[in-house]
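Residue-level structural notes
What follows is each chain in one-letter form.
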Amino acid sequence: MSKKKVFVSYDYGTDKHLRQILESWEDDPEFEFEFCVDPPVDVNPENIHRIKSELSARIHSASHTLVIVGRHANKDDRHAHLIGHKNWINFEIYQSRWNQNKIAAVKIDQLHELPEELHKANVSWAMEFSKEHVIQALRNAK
């Protein structure tokens, strides 16, 4: 049985430490976590198109998307007008919906605001950021 590919959407600036935790779950027989390559140190108008293309390709090669809702998940990005969405996470959720990926999400803190695009998605929720809960949410995603 081949692993299902899961694109992970998260705020790189504040939640990248969670990526290391997800990478430690590589022994899971059912799911393989896919991340964008590290973004450029300075995201600027000249490289946004390239970043969008890379993210889209990775999302479209996945069957699932895991959204990590951290403190800045719905924060306005200074390049929102070029991204076409409020921020990168909203762009990734939109692309995931368009690609018909199964979407699971987990809030790091219940007070964190949901990304706007997540309100439009059919989401399977993990009750906490743990391997057991995240994997179960991915299994339940439709």
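In this text the structure is predicted, and so the values were computed from the model without any measurement.

Procedures and definitions
Residues numbered from 1 in each chain as written. Predicted model: local features only at pLDDT ≥ 70, side-chain atom pairs only at ≥ 80, totals over all residues. Heavy atoms only, no water. Buried < 20%, exposed > 50% of the residue type's maximum accessible area, 1.4 Å probe, protein only. Helix = DSSP H or I, 4+ residues; strand = E, 2+ residues; numbered from the N terminus. Contact = heavy atoms within 4.5 Å. Polar contact = N/O pair within 3.5 Å; in protein donor to acceptor, adjacent residues only side chain to side chain. Phe/Tyr/Trp six-rings, centres within 6.5 Å; stacked < 30°, edge-to-face > 60°. Pairing = 2+ DSSP bridges. Axes fitted to C-alpha atoms, helices over the stretch in contact; angles between N-to-C directions.

1. Looking at helix H4 (residues 88-98)
The buried fraction of H4 amounts to eight of the 11 residues, a majority that puts the element mostly inside the structure. Within the span of H4, buried status applies to Trp 88, Ile 89, Asn 90, Phe 91, Glu 92, Ile 93, Gln 95 and Ser 96. The elements touched by buried residues of H4 are strand E1 (4-9), helix H2 (48-60), strand E3 (64-69), helix H3 (80-83) and strand E4 (102-107). The N-cap residue of H4 is Asn 87: its side-chain oxygen and the backbone nitrogen of Ile 89 are 3.1 Å apart. Looking at the residues trailing H4, positive phi occurs at Gln 100, about 65 degrees.

2. Notes on the packing of aromatic side chains
Tallying each qualifying case throughout the model produces five aromatic pairs. Ring plane angle 65 degrees and centroid distance 6.0 Å describe the contact between Trp 25 and Phe 33, whose orientation is recorded as edge-to-face. Its relative accessible area of 5% is what places Phe 33 among the buried residues. Measuring from ring centre to ring centre gives 6.0 Å for Trp 88 and Phe 91, while their planes differ by 85 degrees; the resulting arrangement is edge-to-face. Of this pair, Trp 88 and Phe 91 are both found in helix H4, three residues apart, which corresponds to roughly one turn of the helix. A relative accessible area of 16% means that Trp 88 is categorised as buried. On the basis of relative accessible area, Phe 91 is assigned to the buried category, the value being 3%. Taken together, the ring pairs connect Tyr 10, Tyr 12 and Phe 35 into an aromatic cluster.

3. Looking at the environment of Ala 57
If you trace the backbone, Ala 57 turns up in helix H2. A C-alpha to C-alpha distance of 9.8 Å links Ala 57 and Cys 36, two positions 21 residues apart in sequence.

4. What about the sheet that holds strand E5 (residues 123-126)?
Spatial strand order, E2-E1-E3-E4-E5: five strands in an open sheet with parallel pairing. Edge positions in the open sheet fall to strand E2 (31-34) and E5, since each of these has one partner strand only. If you compare each strand with its neighbour and ignore which way they point, the axes differ by 30 degrees on average. Examined bridge by bridge, E4 and E5 share four bridges and lie parallel to one another. Paired with Ala 104 across the two strands is Ser 124, which belongs to E5.

The values reported here are purely geometric and, on their own, carry no functional implication.
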